[in-house]
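Summary of the model geometry
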Amino acid sequence: MDDNNSITLRSVQNGSKCIKLHDGSVYLLGRSRDTQITDPRCSRVQLLVSADVKHSELVVEQVGINPSAINGMKLEKGEKRKAVQGDIIEVLASEHLFEVEFPNSSRTESTMTDKVENGGLPIEKTSKPSGTLDHFLKNSALKQAGCWESITPDSLYVFTSDGIKSKEKIAAFDLDGTIITTLSGNVYPKEPNDWKIAYPTVKEKLKELYRDNYKIVFFTNQGGIASGKLKLSDFKQKVETIVRKISLPVQVFVSGRDDIYRKPRPGMWNCLVTNKNDNIPVNYEESFFCGDAAGRQAHCEPNKKKKDFSSSDRLFAINLNLKFYTPEEYFLGWKPAPYKLPDFYAKNLKNTSLLEPKNAKLIDDSTEIIVMIGCPGSGKTFFSKTHLVSAGYIYVNRDTLKTWQKCVKLTEHSVGNDRSVVVDNTNPDKESRARYINVGKDFNVPVRAFWMNVSLDHVKHNNAFRKITDTSHEIIPNYSLNHFSIEPPDLSEGFSEIVRVNFIPKFKNDEEEKLYYTYLLD
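Residues numbered from 1 in each chain as written. Predicted model: local features only at pLDDT ≥ 70, side-chain atom pairs only at ≥ 80, totals over all residues. Heavy atoms only, no water.

1. Structural notes on the side chain of glutamate 329
- In this structure, glutamate 329 sits in helix H7 (residues 327-332).
- Buried charge without a salt bridge: glutamate 329, with arginine 314 as the nearest opposite-charge side chain at an N-O distance of 5.0 Å.
- In contact with glutamate 329, other than residues within four places in its own chain, are Phe324, Trp334, Lys335, Pro336 and Ala337. (Helix = DSSP H or I, 4+ residues; strand = E, 2+ residues; numbered from the N terminus. Buried < 20%, exposed > 50% of the residue type's maximum accessible area, 1.4 Å probe, protein only. Lys, Arg positive; Asp, Glu negative; His and termini not counted. Salt bridge = Lys/Arg side-chain N within 4 Å of Asp/Glu carboxyl O. Contact = heavy atoms within 4.5 Å.)

Shown next as structure tokens:
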């Protein structure tokens, strides 16, 4: 029979596998030899497909138990929907994909992508479009082919649409809560197909950006990949379906764990500008970032009952010196809403003195005991070894000696031999500090308190910085930090002086210094 009187369903996974649907016929699509689907979740009669060549459409009805989909939009049992040229029929939602081809439609011969990582869906790769939006939409058949790269396993993945071009202007967006939202209405998706385009204006706004010569890039945190809560293959298929739905060339950066690539940290952006933009310098004046994690408070906008879960998207833009918009501002034209930034910002630490009061002596020529006070991760050890042990002070530390009794004994032995001591323990309460004050009284030497002037948020910042830059460093769980408390020291305990110690970081290179003075925490 003449192919001009039939519609083709071409497998997205295997372009050579085709099913011909003749005009006026009803085809049973499901688990069969023709489809080569063996998945037991797929019914033998999963879909009823009616072909109408004259009107260039298919009528697709789901009859199987498990959901099917068209272009990522799920079908329910008994639901009918039309499919046209270039649509993707998913016999099972996100699985067993077939593209609709009508006779005499332009179709470029394709080859498989060069690289598919970790079970990602192989998708067809077409020739590059000329660059205009209309040409792209006409000739790409809305397939949005592309390939995945694993930059760092379980850490950074990049999807690059076929047809993407590097540009000096970057239109950057968060994904969840910005480009898409859940179909179920839940805060978090229940399953890979629980999504829909977030706003009616998204596709048109993105088309305008494409016409204005912007490169469209999505940056998304997906920590569930490393933890095992989110299957990488499922998320890859979800991204591909979203990009097909948008029908524009997009580059997608996916952070899979809590490291340098997780927003608000700049790792994903740095990968884009150094490795994924063909050495074209970014125009920061024209570029921007849009995301929903903006630090907005409850009831700051119409229908906004809850505050934002974090400010990570806004902080990401601040770190990169980019203009920032919320999705409501960019896609709906709302006025900017009030927001709250974190209390701690490392940049505010610059140009501070090491000790307070500034006239406090760091080193005393006579024998003394210095009792360090501060929570884990506050910089006590770094300060003690850098400034005191290097000057000849005996280092007393419970992590090394194991018991406080041994710490007291070493302190007694040292001051008894006219050697100054620094006690590098947390010493959070009067009882723990009294042990060394009593030694000072027994040996008639002064005891000074050196209290780390570091907030809990600062400690968490330092913890994150170490995690990123020094994998050998032991990371302190946030649970331990949140439940740690210090009884402020007082001269009435017997201290000769109480000195506040500011944290002054040291860096191996300029890159570390630049990173430290950014927002690192969600």
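Okay, back to it.
2. Describing helix H10 (residues 404-416)
- The first and last C-alpha atoms of H10 sit 18 Å apart over 13 residues, in line with the 18 Å expected at 1.5 Å per residue.
- Those residues of H10 not exposed but buried are Cys407, Val408, Thr411, Ser414 and Val415. Summarising the axial view, the buried residues of H10 lie within an arc of 130°, below the 170-degree limit, and thus occupy one face. Residues of H10 that are exposed and point over 90 degrees away from its buried face: Lys409 and His413.
- Packing partners of the buried residues in H10 comprise strand S23 (369-373), strand S24 (394-396), helix H9 (398-401), strand S25 (421-423) and helix H11 (430-443).
- Positive phi shows up at aspartate 418, right after H10, with a value of about 60°. (Expected span 1.5 Å × (residues − 1). Arc of directions from axis to C-beta.)

3. Focus: the packing of aromatic side chains
- Per the counting criterion, the structure on display carries 27 aromatic pairs.
- Aromatic side chains phenylalanine 219 and tryptophan 269 sit 6.0 Å apart centroid to centroid with 45° between the ring planes, which places their arrangement in the tilted category. With a gap of 50 residues between them, phenylalanine 219 in strand S18 (residues 215-221) and tryptophan 269 in helix H5 (residues 267-275) connect regions that are remote in the sequence. Just as phenylalanine 219 is buried, tryptophan 269 falls in that class too.
- Among the aromatic side chains, those forming a connected cluster through ring pairs are Phe173, Tyr199, Tyr214, Phe218, Phe288, Tyr325, Tyr330 and Phe331.
- Taking NZ or CZ as reference, lysine 205 lies 5.4 Å from the ring centre of tyrosine 330, over its face.
- For arginine 314, the ring lying beneath its charged end belongs to tyrosine 339, and the centroid distance is 3.5 Å. (Phe/Tyr/Trp six-rings, centres within 6.5 Å; stacked < 30°, edge-to-face > 60°. Lys NZ or Arg CZ within 6 Å of the ring centre and 35° of its normal.)

4. Notes on empty space enclosed by the protein
- Counting across every chain of the model gives three cavities of 30 Å³ or more.
- Here the second largest cavity is characterised by a volume of approximately 50 Å³.
- With three residues, the top contributor of residues to the lining of the second largest cavity is helix H8 (residues 380-388).
- Tallied by class, the residues present in the lining of the second largest cavity amount to seven nonpolar, three polar and no charged. (1 Å grid on protein atoms, 1.4 Å probe; cavity = no way out; pocket = protein on both sides within 12 Å on 5 of 7 lines; lining within 4 Å. Points joined across faces, edges and corners; volume = space filled by probe spheres on them. Nonpolar A, V, L, I, M, F, W, Y, C, P; charged D, E, K, R; others polar.)

5. Side note on the packing of H10 against H11
- Where H10 contacts H11, the two axes come as close as 10 Å, and the packing angle between them is 25°. Judged by the angle between their axes, H10 and H11 are roughly parallel. Like other packed secondary-structure pairs, H10 and H11 cross with a definite hand, here right-handed. Contact residues: H10 offers Trp404, Cys407, Val408, Thr411, Glu412, Val415 and Gly416, while H11 offers Arg435, Tyr436, Val439 and Phe443.
- Taken together, the residues of the contact of H10 with H11 sort by class into seven nonpolar, two polar and two charged. (Axes fitted to C-alpha atoms, helices over the stretch in contact; angles between N-to-C directions. Parallel < 35°, antiparallel > 145°, perpendicular 65-115°, else oblique. Left-handed = near helix turned anticlockwise from the far one by under 90°.)

6. What to know about the pattern of salt bridges
- Applying the stated criterion across every chain yields a total of 23 salt bridges.
- In this structure, glutamate 191 engages lysine 74 in a salt bridge whose closest nitrogen and oxygen atoms are separated by 3.0 Å. Taken together, the positions of glutamate 191 in the loop between strand S16 (180-181) and strand S17 (196-197) and lysine 74 in strand S7 (residues 73-74) put the pair 117 residues apart, joining distant regions of the chain.
- Under the relative-accessibility criterion, glutamate 191 is labelled partly exposed at 27%.
- Between glutamate 493 and arginine 433 there is a salt bridge, with its nearest N and O atoms 3.0 Å apart. Residue glutamate 493 is located in the loop between helix H13 (478-482) and strand S27 (497-501), and its partner arginine 433 is located in helix H11; the two are separated by 60 residues in the primary sequence.
- The class for glutamate 493 is buried, based on a relative accessible area of 14%.
- Looking at arginine 433, the relative accessible area reads 0%, which means it is buried.
- What emerges from the salt-bridge pattern is a single network uniting Arg296, Glu301, Lys304, Asp308 and Glu328.

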